[in-house]
Amino acid sequence: MRLSSIALTAGIFAAAGGLSYVSAHFSVGQIESHTRTTLQQTFRTDGLDWADIDTDGLQVHLFGTAPDEATRFAALASAGRVVDTARLIDQMLIAESTADDAPDFSLEILRNEAGLSVIGLIPTETDREALIGLLSGAAGDAVAEDAVTDLLETADFPAPPGWDTALRYAREALRELPRSQISVTPDRVAIKAIAESDEARRELEAELTRAAPAGLQLALDITAPRPVISPFVLRFVLDEEGARLPACSADTIQARDRILRAAEAVGLQGEPDCPLGLGVPTAEWGDAAVAGIQAVAALGGGSVSISNADIRLVAPQGTPRDKFDRAVGVLESGLPKIFVLQTDLPEPPEAETEAPAPAPDFVATRSPEGVVQLRGRLADMRARQTVESFAKAQFGSTSVHMAAREDETVPEDWSVRALAAVEALAMLSNGAARVTADTVTVSGRTGRPEASTDIAALLADKLGDGTAFEIEVEYVEQLDPARGLPTPEECQGLIVEIIGDRKITFEPGSARLDASAEDILDELAELLKQCGDIPLEIAGHTDSQGREEMNQELSRDRAQSVRDGLRERLVPVRAYTAVGYGETRPIADNDTEEGREANRRIEFTLIEAEAPSDEATDAEQSEGVLDAEASADQNPTEDESAAAEGAEDE
């Protein structure tokens, strides 16, 4: 009996051991099969069909005959993206080469918290140890030289042109990229990296682009985690000016698309900014935003403002009560439970027998030159000093001019609104912020893509639910320092450089562009696409031969042909004005052939904005430096001409 018990126990252990062995063997087989399949698919995608794979547990053997050294390292790099390089065993061969051509040299630098890895094929004359030391030094204290994983190979060929330049740029870029992959070839550097924020990403892209040497191709792929938006805000307005979305936030791409489609269905045009971010109060945020926009559409106007879980719906003045109640009822039934709805139906205006006393206000304006004026009313001397000190801290003591007077009748929270208006104005390059008893209005231009959302978040946080606010902010790409785009003045100088001694020519006696003008327009188009929507005058000029009226008409038609040619090349020409001056502005003597040739020309002139007068309104004071529509009828002087080009005038 005892022997039977022992035998039974031993049998159970043996069976368990056998089962464990079978399970382990099966698991290892599954891992090997998955690794082999994934690598084979990667090799096929990368065009490395010659490479073969064998697996032995966690080790991966690479076989095959590569056509050259660079291709072998390409296969090694592709495999390194799938499995850890420590698991790779390189058993690949290189086909014997009968050619004397140098191989394709390349270098790949991988940097993360774990350290630095360098893989690639470099010329023998490149000091390998010095290169590793320089890369380690560029990575800083975080990476010691002996902690660098060196997978470099060398080939005894001279360094190709541009190789040293590309290496130097990659080394300098590595200083700013703690988590990155940098791929280097003699004429190209490709960078993949992660930035801490979207603003840091834009600044890093601009810095890397500016630092790139001439002739080096640069490919940037820099990503950033989504920012935390607090509070989550959205504002949609529908009035006689049309549909607008001054502020928008979304937690997912799907929610953003739904919000924009709902706004477009009510008449929103263009491509409004609606950043994605973290911090959404509920996953049903998109549902609430769409319901709010649809409620405004049902009212035929008004606005909806959402701050986190608080919604405020304002109907147009004079909206019938039954229509208002119906729209509110539909909105309430469609809102997620977490949201709290506030509604406002302004009463229709009543006839008044005498003019009412002017309502108090406070206005802060910032000019394109940076001058800030504070005027209107503040509660008392203490409030006046507080607002002035805060403004000087924001804009600098020499830029602020206080002209507000004291008025004890302003509302109790007036100072809080004034301070919020000044803080919002600091997010604009130029504009105005107005505080009234009913609302706070911020308008102007900015180089910050997220300014509208940031201002809405600021006002929602500072003012609370009791005060409405309006935001009319225009993003101007040329004002964004992170974009690294040329200013209008820099564009003016670059036009001169591009044209040089060449001339835009036309067919004799015609406004049709000559074939020789195509290259100049192509080069100008590439520049002007970067310059953006700047106000530019394209002026045509002729000599004095022929009738004055015909010369004026011909010069105008030729200027228009140039404008049309730029538009066909996808240049934004909305702010461009085509003007013909005929023979009225000669720059040389029309009595000689040389002089007449000089007078037949096309001129590009940057239109300068006029300074506002003391009587100007707030809206006029907040206009930007360049306003093409307001300046289209100005006459430039010859000293302002950006470039002069002749036009064949028979």
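What counts, and at which threshold
Residues numbered from 1 in each chain as written. Predicted model: local features only at pLDDT ≥ 70, side-chain atom pairs only at ≥ 80, totals over all residues. Heavy atoms only, no water. Salt bridge = Lys/Arg side-chain N within 4 Å of Asp/Glu carboxyl O. Buried < 20%, exposed > 50% of the residue type's maximum accessible area, 1.4 Å probe, protein only. Helix = DSSP H or I, 4+ residues; strand = E, 2+ residues; numbered from the N terminus. pLDDT = per-residue confidence, 0-100. Contact = heavy atoms within 4.5 Å. Pairing = 2+ DSSP bridges. Polar contact = N/O pair within 3.5 Å; in protein donor to acceptor, adjacent residues only side chain to side chain. Patch = residues over 30% accessible without salt bridge, like charges linked within 9 Å, V, L, I, M, F, W, Y side chains within 5 Å. Areas by Shrake-Rupley, 256 points an atom, 1.4 Å probe, with all protein chains shown as cover. Lys, Arg positive; Asp, Glu negative; His and termini not counted. Charge placed at Lys NZ, Arg CZ, Asp CG, Glu CD. Axes fitted to C-alpha atoms, helices over the stretch in contact; angles between N-to-C directions. Parallel < 35°, antiparallel > 145°, perpendicular 65-115°, else oblique. Left-handed = near helix turned anticlockwise from the far one by under 90°. Nonpolar A, V, L, I, M, F, W, Y, C, P; charged D, E, K, R; others polar. Phe/Tyr/Trp six-rings, centres within 6.5 Å; stacked < 30°, edge-to-face > 60°. Expected span 1.5 Å × (residues − 1).

Novice: I'd love a proper account of the pattern of salt bridges, names of residues and values included.
Specialist: Taken as a whole, this structure holds 33 salt bridges when the rule is applied. Here Asp413 and Arg417 are joined by a salt bridge, their closest N and O atoms 3.1 Å apart. Looking at Asp413, the relative accessible area reads 30%, which means it is partly exposed. The exposure class assigned to Arg417 is buried, which follows from its relative accessible area of 6%. A salt bridge links Glu518 to Arg569; the shortest N-O distance between them is 2.4 Å. Here Glu518 is found in helix H13 (residues 518-531), whereas its partner Arg569 is found in the loop between helix H14 (548-568) and strand E24 (576-582), with 51 residues between them in sequence. Taking relative accessible area as the criterion, Arg569 reaches 16% and is therefore assigned buried. Among the charged side chains, a network of salt bridges with common partners joins Lys503, Asp543, Glu593, Arg596, Glu597 and Arg600.

Novice: Break down the confidence of the model for the protein chain for me, citing the residues and quoting the values.
Specialist: Low-pLDDT stretches of the model should not have their predicted coordinates read in fine detail. Per-residue confidence for the protein chain averages 81 on the pLDDT scale, and 85% of its residues sit at or above 70. Within the model, the stretch residues 351-355 combines pLDDT values under 50 with zero contacts to residues more than four positions away or in other chains. In the model, residues 611-650 has pLDDT below 50 throughout and makes 111 contacts with residues more than four positions away in sequence or in other chains.

Novice: Let's hear about the pairing of strand E12 (residues 233-239): which residues, and what values?
Specialist: With six of its seven residues buried, E12 lies for the most part within the structure. By the bridge criterion, six bridges tie E12 to strand E14 (residues 302-307) in an arrangement that is antiparallel. Bridged to Phe236 within E14 is Val304. Bridge analysis of E12 against strand E13 (residues 242-247) gives four bridges, and the strand direction is antiparallel. Paired with Val237 across the bridge in E13 is Arg244.

Novice: Talk me through the side chain of Ser555; I want residue IDs and the actual numbers.
Specialist: Mapped onto the fold, Ser555 is located in helix H14. From its side chain, Ser555 meets the backbone oxygen of Gln552 in a polar contact 2.8 Å long. Setting aside chain neighbours within four positions, we find Ser555 in contact with Gly540, His541, Thr542, Val579, Gly580, Tyr581 and Gly582.

Novice: Outline a negative patch on the surface, supporting the account with residue identities and numerical values.
Specialist: Residues Glu176, Glu199, Glu203 and Glu207 make up a contiguous surface patch of negative charge. The residue Glu207 is located in helix H5 (residues 198-211) in this model.

Novice: Describe the packing of helix H7 (residues 285-299) against helix H8 (residues 321-334), with residues and values.
Specialist: Across the interface, H7 lies against H8 with an axial gap of 9 Å and an inter-helix angle of 165°. Between H7 and H8, the angle is such that the two are roughly antiparallel. Note that H7 runs across H8; the crossing there is right-handed. Of the residues in H8, those in contact with Ala291, Gly292, Ala295, Ala298 and Leu299 of H7 are Lys323, Phe324, Ala327 and Leu331. Along the lines of polarity and charge, the residues of the contact of H7 with H8 split into seven nonpolar, one polar and one charged.

Novice: Now, about the packing of aromatic side chains: what can you tell me, with residues and values included?
Specialist: Under the definition given, this model contains three aromatic pairs. With 6.1 Å between their ring centres and 50° between their planes, Phe105 and Trp163 make a pair best called tilted. Taken together, the positions of Phe105 in the loop between strand E5 (93-94) and strand E6 (106-112) and Trp163 in helix H4 (residues 163-175) put the pair 58 residues apart, joining distant regions of the chain. A ring pair is formed by Phe232 and Trp285, whose centres lie 5.2 Å apart and whose planes are at 85°; its orientation type is edge-to-face.

Novice: Could you give me a rundown of H7, with the residues and numbers involved?
Specialist: End to end, H7 covers 22 Å across 15 residues, agreeing with the expected 21 Å (1.5 Å per residue, within 8%). Here H7 lies mainly inside the structure; eleven of its 15 residues are buried. Among the residues of H7, Trp285, Gly286, Ala288, Ala289, Val290, Ala291, Gly292, Ile293, Ala295, Val296 and Leu299 are the ones counted as buried. Next to the buried residues of H7 lie E12, helix H6 (253-265), E14, strand E15 (310-314) and H8.

Novice: Describe in detail the sheet that holds strand E7 (residues 115-123), supporting the description with residues and values.
Specialist: Strands sit in the order E8-E7-E6-E9-E10-E11 across an open sheet of six strands; the sheet is mixed. Strand pairing shows two members of the sheet lacking a second neighbour, strand E8 (148-155) and strand E11 (217-223), which therefore form its edges. Averaged over all adjacent pairs, the angle separating strand axes in this sheet is 5°, with direction ignored. Pairing between strand E10 (residues 188-194) and E11: seven bridges, direction parallel. Within E11, the residue paired with Val189 across the bridge is Leu218. Against the sheet, H5 contacts E10 and E11, and its axis sits at roughly 170° relative to E11.

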